[in-house]
Amino acid sequence: MKNTEMILRSKSLSKRFGGLTAVDDVSFEVTRLGVTSIIGPNGAGKSTLFNLLSGTFMADSGLVELDDQNITRMSPEGRLSCGMARSFQITNLFFDLSVIDNLRIASQALEPRSNLFLPLSKSTIAMDRANELLEEFGLLECRNQIVGALSHGQQRRLEIAVTLATRPKLLLLDEPTQGMSQGDTQDTAELIKRLGSKITVLLIEHDVDLVMDLSKTVIVMAQGKKLAEGIPSDVRANPLVQTAYFGEELA
Ligand code: ADP
Ligand code: MG
């Protein structure tokens, strides 16, 4: 039977790099809609976990399930067509292209297969989606600007828009507010909150206050392992988390 509550499940996921176990037997479940966040000090294994969930790296052991389908060995493209999209901690925008072209390229996967090799100008489905995203993300006024010339905040916003191009049901965001000003961070937090009312968001974030405010569930990682999981207030009060995370310098 289809489990309508659960969208993503990680079962005993592990990934080693040489002698280092970057992700060590991590299990958790993400319920549909809202924002679930992963926090933890630098080097805790958060981005590596995302890489296992999104198919960038293959797990050494364990399982990933999306809507009860085993996707552990599926390619990133396969996962995208199953409705899982992700952003990277390091940008994946084309800096020499315009805002609208970045959005059109990202939206291209919405075209029927037979249209995939059409020039961008003929891809009307992709174009419509790109224009929709421009408006939704307040990027209309910089439509034709080269991405490299945008402010950092606009670039990070565009990055989220790009990941949403294919209308995913699950979005993985890796530190979307990294390097942002206080104002941009607040705007992005609002944006993520709004997204969470429509789709499921799994967020890696270093700003703990932001996470506590945004998330329905928080997962804490340290040294490759899941240290704690629960509603924000419980996680904050957890003595293990206090010692391992809040007591130390934040990621
Ligand atoms: P986080 O995102 O929590 O800061 P990462 O997942 O990036 O942590 O890294 C976890 C550990 O794995 C770190 O010690 C890091 O140096 C190591 N690591 C990450 N990616 C690789 C890789 N491609 N090759 C080797 N080691 C890696
Ligand atoms: Mg990281």
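How each quantity is defined
- Residues numbered from 1 in each chain as written.
- Chains lettered and ligands numbered in written order.
- Predicted model: local features only at pLDDT ≥ 70, side-chain atom pairs only at ≥ 80, totals over all residues.
- Heavy atoms only, no water.
- Helix = DSSP H or I, 4+ residues; strand = E, 2+ residues; numbered from the N terminus.
- Buried < 20%, exposed > 50% of the residue type's maximum accessible area, 1.4 Å probe, protein only.
- Pairing = 2+ DSSP bridges.
- Domains from an automatic or database assignment.
- Contact = heavy atoms within 4.5 Å.
- Buried area = accessible area lost by both parts, 1.4 Å probe.
- Salt bridge = Lys/Arg side-chain N within 4 Å of Asp/Glu carboxyl O.
- Polar contact = N/O pair within 3.5 Å; in protein donor to acceptor, adjacent residues only side chain to side chain.
- Nonpolar A, V, L, I, M, F, W, Y, C, P; charged D, E, K, R; others polar.
- Near = heavy atom within 4 Å.
- Areas by Shrake-Rupley, 256 points an atom, 1.4 Å probe, with all protein chains shown as cover.

Q: I'd love a proper account of the environment of Val-162, names of residues and values included.
A: By secondary structure assignment, the location of Val-162 is in helix 5 (residues 152-163). A relative accessible area of 14% means that Val-162 is categorised as buried.

Q: Could you give an account of the pairing of strand 1 (residues 6-17), with specific residues and numbers?
A: Relative to strand 2 (residues 20-31), strand 1 runs antiparallel, the two sharing eight bridges. The residue of strand 2 that forms the bridge with Ser-10 is Phe-28. If you look at the hairpin formed by strand 1 and strand 2, you'll find two residues sitting between the two strands, and Gly-18 has a positive phi there, around 60°. Pairing geometry for strand 1 and strand 4 (residues 61-66), over five bridges, is antiparallel.

Q: Kindly report on the domain arrangement of the protein, identifying the contributing residues and their values.
A: Here the protein is partitioned into domain 1 (1-83 + 168-251) and domain 2 (92-166). For domain 1 and domain 2, the distance between their C-alpha centroids amounts to 26 Å. Residue-level contacts link 16 residues of domain 1 with 10 residues of domain 2. Buried area between domain 1 and domain 2, both sides added, is near 1,000 Å², and the carbon and sulfur share of it is 67%. Considering only the side of domain 1, the residues that lose the most area to domain 2 are Pro-168, Met-180 and Leu-191, jointly responsible for 37% of the buried surface there. Put simply, domain 1 and domain 2 have one salt bridge between them. Joining domain 1 to domain 2, the criterion identifies three residue pairs in polar contact (both at pLDDT 80 or more). Listed by contribution, the elements that provide at least two residues to the side of domain 1 that touches domain 2 are strand 7 (170-174) and helix 6 (182-195). Considering each element in turn, the side of domain 1 that touches domain 2 owes the most residues, four residues, to helix 6. Residue classes in the side of domain 1 that touches domain 2 are distributed as nine nonpolar, three polar and four charged.

Q: A description of the site of ligand 1 should follow, citing residues and the corresponding values.
A: In the region of ligand 1, the neighbouring residues are Phe-17, Leu-20, Ala-22, Pro-41, Asn-42, Gly-43, Ala-44, Gly-45, Lys-46, Ser-47, Thr-48 and Phe-57. Gly-45 places a main-chain nitrogen or oxygen 3.0 Å from an oxygen atom of ligand 1. Within the side chain of Lys-46, a nitrogen or oxygen atom sits 2.8 Å from an oxygen atom of ligand 1. Expressed as a share of its isolated accessible area of 560 Å², the protein-covered part of ligand 1 is 62%. At the level of secondary structure, the elements contributing two or more residues to the shell around ligand 1 comprise strand 2 and helix 1 (46-54).

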